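Here are the chains, one letter per residue:
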Amino acid sequence: MNPYAKLTFSLSLMLGTTITISSNHWMAAWTGLEINTLAIIPLISKSHHPRAIEAAIKYFLVQAAASTLLLFSSMINAWHTGQWDITQLNHPTSSLLLTTAIAMKLGLVPFHFWFPEVLQGSPLTTAMLLSTVMKFPPITILLLTSHSLNPTLLATMAIASAALGGWMGLNQTQIRKILAFSSISHLGWMSIVLIYNPKLTLATFYIYCTMTGAIFLTLNTTKSFKLSTMMTSWTKTPVLNTTLMMTLLSLAGLPPLTGFLPKWLIIQELSKQEMTAPATIIAILSLLSLFFYLRLAYYSTITLPPNPTNLMKQWHANKPVSTLIAALSSMSTLLLPLSPMILALI
């Protein structure tokens, strides 16, 4: 892709995200979401592979439908209340339509079907953007309207997302699809606590973005797309694969690592709100996703190929590990001791 074109699309992504997260008016938020959608489509389809073109078309259709629903929701609300302010979403039908629209944009169950397919058809860097940056504007809209949303509906969708994200990821061999179902599962955790503590949802999203960004950038460095190629990457970059294993275990939410913090705080918040049953269910469902994270960690470090390869060894100096991967991996594994400071910020 032409570097100027790539720069234009990247700046458009930043512009669209900034417009949506800083707007109070529904039309401005909708405009930002549309700019985002149109800017990411060329990045999805830049390889010109049929799979990438299919992913771009699926993404466009789903996002266009979601944007239409969002606009419809805001117009019904304006019709009944005379308000275009995002925080003044008082009409129940508008609230239901908005929840549906944002669920489609994020890939929450039952509107999740497009997400694994689109991620599988995209390059790793674009897949990282789809899993992190592209979810920021819809989550911001959810935060601004959290007081108007239906708690039962959100809790049901959250538990269904955690269940399906864990269940569907079990038999996948393509790493991008596994990370897509991981994203669906994490969105379930974010959604269930949204109404009770919106800042905790945002903190969870930031930590999730840090861990997912580190994993995608590491996979992009080692050029690992499926589990079988992941096994051979240990001989090329052993240290990078070790940090990948730690980041994956952090994403699973194991205690000494950063990923344990949001899950611990979410279960604590749900217990305070006397939602013991949903907290128990979502904690048990996280064991499903723990299985495939452990499998990824096992393939990345412990499993070596049965026979030595006859290919020329790829020396470490050929592709130095970027500072960004080092920073994100460190933050993904070592932030748990800073829990008091994070709690003070929340």
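Every value quoted in this text rests on a predicted model; they were computed, and no experiment measured them.

### Things to note about the UniProt feature "domain: NADH:quinone oxidoreductase/Mrp antiporter transmembrane" (unreviewed entry) in the chain
Within the UniProt annotation, "domain: NADH:quinone oxidoreductase/Mrp antiporter transmembrane" (unreviewed entry) is assigned to residues 23–288. Here residues 23–288 is 75% helix and 0% strand, with 38 Å between the C-alpha atoms at its ends.

### A short note on a nonpolar patch on the surface
A cluster of nonpolar side chains, Leu38, Ile53, Ile57, Phe60 and Leu61, forms an exposed patch at the surface whose accessible area comes to about 470 Å². Among the elements that make up the nonpolar patch, the one with the highest residue count is helix H3 (residues 50–81) (four residues). Looking at where Ile57 falls in the secondary structure, it is placed in helix H3.

### Re the pattern of salt bridges
Applying the stated criterion across every chain, the model contains four salt bridges. Note that Arg51 is salt-bridged to Glu117, the shortest N-O span being 3.5 Å. In this pair, Arg51 sits in helix H3 while Glu117 sits in helix H5 (residues 114–121), placing the two residues 66 residues apart along the sequence. Glu54 is the salt-bridge partner of Lys58, the closest N and O atoms lying 2.8 Å from each other. Residue Lys58 and its partner Glu54 are located together in helix H3, separated by four residues, close to a single helical turn. A cluster of three or more residues bridged by salt bridges with shared partners is formed by Arg51, Glu54, Lys58, Glu117 and Lys177.

### Focus on helix H7 (residues 136–144)
By the criterion of burial, H7 is predominantly enclosed, with eight of the nine residues buried. For H7, every residue scored as buried is listed here: Phe136, Pro137, Pro138, Ile139, Thr140, Ile141, Leu142 and Leu143. Close packing links the buried residues of H7 with helix H1 (3–21), helix H2 (26–44), H3, helix H4 (92–106), helix H9 (175–192) and helix H10 (198–222).

### Quick word on the packing of helix H6 (residues 124–131) against H10
Two numbers describe how H6 lies on H10: the axes approach to 9 Å, and their chain directions differ by 175°. As summarised for this structure, H6 and H10 are arranged roughly antiparallel, according to the angle between their axes. When H6 is examined against H10, the residues Leu124, Thr125, Ala127, Met128 and Ser131 are found in contact with a partner set consisting of Tyr208, Thr212, Gly213, Phe216, Leu217, Leu219 and Asn220. Of the residues belonging to the contact of H6 with H10, the class tally is seven nonpolar, five polar and no charged.

### Some points on the packing of aromatic side chains
By convention here, two paired aromatic rings are described through the distance between centres and the angle between planes. One pass over the full model with this rule turns up eight aromatic pairs. With a centroid separation of 5.8 Å and 15° between ring planes, the pair formed by Phe136 and Phe205 is classed as stacked. Of this pair, Phe136 sits in helix H7 while Phe205 is found in helix H10, placing the two residues 69 residues apart along the sequence. For the pair shown, Phe136 and Phe205 are each scored as buried. One aromatic cluster is present, built from ring pairs that chain together Tyr59, Trp114 and Phe115. The ring of Phe115 carries the charged tip of Lys135 above its face, separated from the ring centre by 3.9 Å.

### Structural notes on H4
An ideal rise of 1.5 Å per residue puts 21 Å on 15 residues; H4 measures up with 21 Å between its terminal C-alpha atoms. Of all the residues in H4, the buried ones are Ser94, Ser95, Leu97, Leu98, Thr99, Ala101, Ile102, Ala103, Met104, Lys105 and Leu106. If you follow the buried residues of H4, they end up packed against H2, H3, H5, H7, helix H8 (151–168) and H9. One or two positions beyond H4, positive phi appears at Gly107, with a value near 90°.

### Some points on the side chain of Ser250
With respect to the secondary-structure elements, Ser250 resides in helix H12 (residues 238–252). Accessibility expressed as a relative area gives 0% for Ser250, which makes it buried. Here Ser332 takes part through its backbone oxygen, which lies 2.4 Å from a polar atom of the side chain of Ser250. If sequence neighbours within four positions are ignored, Ser250 has contacts with Met211, Leu257, Thr258, Gly259, Phe260 and Ser332.

### Here's the deal with the domain arrangement of the chain
As far as domains go, the chain holds domain 1 (1–122) and domain 2 (150–345). Computed over C-alpha atoms only, the centres of domain 1 and domain 2 are separated by 24 Å. Counting residues at the interface gives 18 residues for domain 1, matched by 19 residues for domain 2. A buried area of about 1,500 Å², summed over both sides, lies between domain 1 and domain 2, and 71% of it is on carbon and sulfur atoms. Contact with domain 2 buries surface across domain 1, with Leu108, Val109 and Gln120 losing the most and accounting together for 39% of the total.

So, how was this worked out
- Residues numbered from 1 in each chain as written.
- Predicted model: local features only at pLDDT ≥ 70, side-chain atom pairs only at ≥ 80, totals over all residues.
- Heavy atoms only, no water.
- UniProt positions renumbered as here; feature names shortened; annotations may be inferred.
- Helix = DSSP H or I, 4+ residues; strand = E, 2+ residues; numbered from the N terminus.
- Patch = residues over 30% accessible without salt bridge, like charges linked within 9 Å, V, L, I, M, F, W, Y side chains within 5 Å.
- Areas by Shrake-Rupley, 256 points an atom, 1.4 Å probe, with all protein chains shown as cover.
- Salt bridge = Lys/Arg side-chain N within 4 Å of Asp/Glu carboxyl O.
- Buried < 20%, exposed > 50% of the residue type's maximum accessible area, 1.4 Å probe, protein only.
- Contact = heavy atoms within 4.5 Å.
- Axes fitted to C-alpha atoms, helices over the stretch in contact; angles between N-to-C directions.
- Parallel < 35°, antiparallel > 145°, perpendicular 65-115°, else oblique.
- Nonpolar A, V, L, I, M, F, W, Y, C, P; charged D, E, K, R; others polar.
- Phe/Tyr/Trp six-rings, centres within 6.5 Å; stacked < 30°, edge-to-face > 60°.
- Lys NZ or Arg CZ within 6 Å of the ring centre and 35° of its normal.
- Expected span 1.5 Å × (residues − 1).
- Polar contact = N/O pair within 3.5 Å; in protein donor to acceptor, adjacent residues only side chain to side chain.
- Domains from an automatic or database assignment.
- Buried area = accessible area lost by both parts, 1.4 Å probe.

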